[in-house]
Amino acid sequence: MTSLDKPTTEDTSADDARAVTEAALFEAFGGVRGMVETVLPGLLFVSIYTVNKDLHMSAIAALAVALVMVVVRLAMKDTVKHAFSGVFGVAFGVVFAMMTGNAKDFYLPGMLYTLGLALAYIVTAMAGVPLIGLMLGPVFKENLSWRTRNPGRKKAYTKASWAWGLILLGKSAILFPLYWWADTTQLGWVLVALKIPPFLLAVYLTWVFLAKAPPPIDVFAEMEAEERAEEERKTAAARENDGTTTAGRHRRES
């Protein structure tokens, strides 16, 4: 193997950074299972409503499957944040639809949430505190160190927040006109179709921006190192004090 064939330390570090980024994004956004839990209740609702136009049956089925996914998560002692968020989203949709009697209102809370999230991404990016950084900072064990100590990562988080904001804003620009002009089944199938692709695009762009950014500063490791150093300083000081006390006692005795 020639020197050109041998992987350099830089290449290895870059690969490690990409792997860490992929793992963190997978954890933060729930991976394949999280996407399934996000899509399935809405898919079940629109499928049943397309067949029999029964709002109550469609709503109950969607809520039931969301609850089942939470129970499965709990039984497997797995994280339930994505499943719980799905239950709350479906529950709000069911309440809205039942109160108004309009099946399209099942989708309204989720659409409003998407629009609000888009604006939150954009506003926080403009304010210099990008939302994606606030979300992923703890996952990368860097907390908010990227704001003042790692400008390269702050720039990457800002780009990623803009990407999420604009993608979700584009999704909202498609869905809200359909809410007014289309029927329930048309809106439902378009919404299901738009669940995964925009999400995957935003995650991919986030990965691209972060993979090129400087590595995160592990503030937890820094705190642990500082605690060890402080303990070592105390131990050294105690030994020094013991030595001084012993020497003084010896002088007095002599």
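Scoring rules and cut-offs
- For every chain, the first residue of the written sequence is number 1, and numbering continues from 1 onward in sequence order.
- This being a predicted model, a pLDDT of at least 70 is required before a residue's local features are given, and a value of 80 or more before pairs of side-chain atoms are given or counted; all residues contribute to the totals for chains, interfaces and linings.
- Calculation of side-chain values draws on the structure's entire complement of heavy atoms; hydrogens and water are dropped beforehand.
- Helical segments are the DSSP runs of H or I of at least four residues, strand segments are the runs of E of at least two, and each set is numbered from the N terminus.
- Only protein chains enter the calculation, and the probe is 1.4 Å; a residue is then buried if its accessible area is under 20% of its type maximum, exposed if over 50%, and partly exposed in between.
- By the convention used here, residues are in contact when the closest approach between their heavy atoms is within 4.5 Å.
- What makes a nonpolar core is a set of buried Ala, Val, Leu, Ile, Met, Phe, Trp, Tyr and Cys residues whose side-chain atoms join them at distances within 4.5 Å.
- Counting rule applied: Lys, Arg positive; Asp, Glu negative; His and chain ends not counted.
- Criterion for a salt bridge: a side-chain nitrogen of Lys or Arg within 4 Å of a carboxyl oxygen of Asp or Glu.
- The pairing test for Phe, Tyr and Trp rings, Trp by its six-membered ring, is centres within 6.5 Å, and the orientation test on the planes gives stacked under 30 degrees, edge-to-face over 60, and tilted for anything in between.
- Remark: a charge is flagged as sitting over a ring if the NZ atom of Lys or the CZ atom of Arg is within 6 Å of the ring centre and within 35 degrees of the ring normal.

Novice: Kindly report on the overall build of the protein chain, identifying the contributing residues and their values.
Specialist: Looking only at helices and strands, the protein chain has 11 helices and 0 strands in total. In the protein chain, the succession of helices and strands from N to C terminus is α-α-α-α-α-α-α-α-α-α-α. In the protein chain, buried positions account for 38% of the 254 residues. Nonlocal contacts in the protein chain, meaning residues at least 24 apart in sequence, comprise 72% of its contacts between residues at least 6 apart.

Novice: Explain the nonpolar core to me, using residue names and the numbers behind them.
Specialist: Core analysis: the largest hydrophobic core is formed by 25 residues, its most contacted members being Phe 45, Leu 55, Val 90, Phe 106, Tyr 107, Met 111 and Leu 175. Only helix H2 (31–52), helix H3 (55–75), helix H4 (81–100), helix H5 (108–126), helix H8 (151–181) and helix H9 (184–193) provide two or more residues apiece to this core. Per element, the largest residue contribution to this core is 5 residues, and it comes from H3. When sequence neighbours within four positions are dropped, the list of residues in contact with Phe 45 reads Leu 55, Ser 58, Ala 59, Ala 62, Ala 103, Phe 106, Tyr 107 and Thr 184. By size, the runner-up hydrophobic cluster in this structure holds 20 residues, among which are Ala 156, Ala 160, Ile 167 and Leu 168.

Novice: Describe unusual backbone geometry, with residues and values.
Specialist: In this structure, Lys 53 is a non-glycine residue whose phi angle is positive, near 55 degrees. Within the secondary structure, Lys 53 sits in the loop between H2 and H3.

Novice: Describe the side chain of Asp 105, listing the residues and the values that go with them.
Specialist: With respect to the helices and strands, the residue Asp 105 is situated in the loop between H4 and H5. There is no salt bridge for the buried Asp 105, and the closest opposite charge comes from Lys 104, which lies 7.5 Å off by N-O distance. Contacts of Asp 105, omitting those with residues within four sequence positions, involve Gly 93, Phe 96, Ala 97, Thr 100 and Tyr 179.

Novice: Requested: an account of the pattern of salt bridges, with residues and values cited.
Specialist: Inspection of the entire model under this criterion finds 1 salt bridge. The closest approach of N and O atoms between Glu 142 and Arg 153, which form a salt bridge, is 3.0 Å. Pair noted here: Glu 142 is in the loop between helix H6 (131–136) and helix H7 (145–148) and Arg 153 is in helix H8, with a separation of 11 residues, a long-range link. Each member of the pair, Glu 142 as well as Arg 153, carries the same accessibility label: buried.

Novice: Run through the packing of aromatic side chains, naming residues and quoting values.
Specialist: What characterises a pair of aromatic rings is the spacing of the ring centres plus the angle enclosed by the ring planes. Counted under the stated rule, the structure contains 9 aromatic pairs. Consider the rings of Phe 45 and Phe 106, whose centres lie 3.9 Å apart with planes at 5 degrees: the pair is stacked. Of the two residues, Phe 45 is situated in helix H2 and Phe 106 in the loop between H4 and H5; the sequence distance between them amounts to 61 residues. In this structure, Phe 45 and Phe 106 share a single accessibility class: buried. Residues Tyr 179 and Trp 180 carry aromatic rings whose centres are separated by 5.2 Å and whose planes lie at 80 degrees to one another, so their mutual orientation is edge-to-face. Among the residues examined, Tyr 179 registers a relative accessible area of 10% and is labelled buried. An aromatic cluster is present here, built from Phe 45, Tyr 49, Phe 106 and Tyr 107 joined pairwise through their rings. The positively charged end of Lys 104 is found above the aromatic ring belonging to Tyr 179, 5.5 Å away from the centroid. Directly above the ring of Phe 140 sits Arg 153, whose terminal nitrogen or CZ lies 4.8 Å from the centroid.

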